[in-house]
Amino acid sequence: MRVSLEDLKASCLQCQRCDLAKERKHVVVSRGHPSARLMVIGEAPGADEDAQGRPFVGRSGRLLDACLTEVGLDQADDTYICNLIKCRPPGNRRPTPAELKACRPWLDRQILEVNPEILFILGATATATLLECRTPISRLRGHWTEWKGRCVMPSFHPSYLLRNPSREPGKPHSLFMADLTHVKHALNGAVSGLTPDSSDR
Ligand code: URA
């Protein structure tokens, strides 16, 4: 890992910026490749992530990894995976605005250090927070947008796919796979779809 990311991780592990620090078992910083071209951003660690200190290691994470594999992406080599906030909210509740604000500098530093070309954002909370926009995820997903010069593809959170397991066309799982396939094509250099498109939002 690069020195700057190691520093970031070491400081993040000591973080006391909000009350989530009191109940956490681990700070959950990241997994994956430190200079991946693709950064995957979820919402917050759950119980499994809190126990292991790594993001997306529970059911949602296993599904995420399987979907990445299905489009030909390796979670360890091709992605850097992290969350909006680094400590588990009790009972997996939504992070509060104060927690999101307190934790935000860590994510901003991760984005700067890893310097990914593409951000794949999982779920409504992560999307609304990062893009500072209230458009429903159902309308944002599947469309490239731009954030601070980076290409962003919002999509559903894997936990939503677990709650809606049908793989029929038009259902969340197949829409998620279509979004991830756009990302894979963009990484392969098929960049025509990368123009931020807000025409139908
Ligand atoms: N859900 C998330 O958003 N992140 C995780 O790390 C695990 C579940």
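Below is a short write-up of the structure. (Residues numbered from 1 in each chain as written. Predicted model: local features only at pLDDT ≥ 70, side-chain atom pairs only at ≥ 80, totals over all residues. Heavy atoms only, no water.)

A short note on helix α7 (residues 124-131)
- For α7, the tally of buried residues reaches six of eight residues, placing the bulk of the element in the interior.
- Of the residues flanking the end of α7, it is glutamate 132, one or two places downstream, whose phi is positive at about 50 degrees. (Buried < 20%, exposed > 50% of the residue type's maximum accessible area, 1.4 Å probe, protein only. Helix = DSSP H or I, 4+ residues; strand = E, 2+ residues; numbered from the N terminus.)

Side note on the side chain of aspartate 50
- Here aspartate 50 lies in helix α3 (residues 47-52).
- One buried charged residue, aspartate 50, remains without a salt bridge, the closest side chain of opposite sign being lysine 25 at 4.1 Å.
- At a separation of 2.8 Å, a polar atom in the side chain of aspartate 50 contacts the main-chain amide nitrogen of lysine 25.
- With near-sequence residues (within four places) excluded, aspartate 50 lies in contact with Arg24, Lys25, His26, Val28, Pro45 and Arg88. (Lys, Arg positive; Asp, Glu negative; His and termini not counted. Salt bridge = Lys/Arg side-chain N within 4 Å of Asp/Glu carboxyl O. Polar contact = N/O pair within 3.5 Å; in protein donor to acceptor, adjacent residues only side chain to side chain. Contact = heavy atoms within 4.5 Å.)

Examining the layout of surface pockets
- Of the pockets and cavities examined, the largest pocket occupies roughly 650 Å³.
- Around the largest pocket, the lining is made up of 25 residues, and of these Glu43, Ala44, Ser60, His157 and Ser159 lie nearest the centre.
- If you list the elements that add at least two residues to the lining of the largest pocket, you get α3, α4 (59-70), α7 and α9 (158-163).
- Taken together, the residues of the lining of the largest pocket break down into nine nonpolar, nine polar and seven charged. (1 Å grid on protein atoms, 1.4 Å probe; cavity = no way out; pocket = protein on both sides within 12 Å on 5 of 7 lines; lining within 4 Å. Points joined across faces, edges and corners; volume = space filled by probe spheres on them. Nonpolar A, V, L, I, M, F, W, Y, C, P; charged D, E, K, R; others polar.)

Side note on unusual backbone geometry
- The backbone of phenylalanine 56 sits at a positive phi, close to 50 degrees, despite the residue not being glycine.
- Mapped onto the elements, phenylalanine 56 comes out in the loop between α3 and α4.
- Its relative accessible area of 5% is what places phenylalanine 56 among the buried residues.
- You will see that glutamate 132, though not glycine, has its phi angle at about 50 degrees, which is positive.

With respect to the packing of α4 against helix α10 (residues 172-187)
- The N-to-C vectors of α4 and α10 enclose an angle of 55 degrees; their axes lie 10 Å apart at closest approach. The angle between α4 and α10 places the two elements in the oblique class. For α4 against α10, the interelement crossing comes out right-handed. Within the contact between the two elements, α4 uses Leu63, Leu64, Cys67, Leu68 and Glu70 and α10 uses His173, Phe176, Met177 and Leu180.
- Along the lines of polarity and charge, the residues of the contact of α4 with α10 split into seven nonpolar, one polar and one charged. (Axes fitted to C-alpha atoms, helices over the stretch in contact; angles between N-to-C directions. Parallel < 35°, antiparallel > 145°, perpendicular 65-115°, else oblique. Left-handed = near helix turned anticlockwise from the far one by under 90°.)

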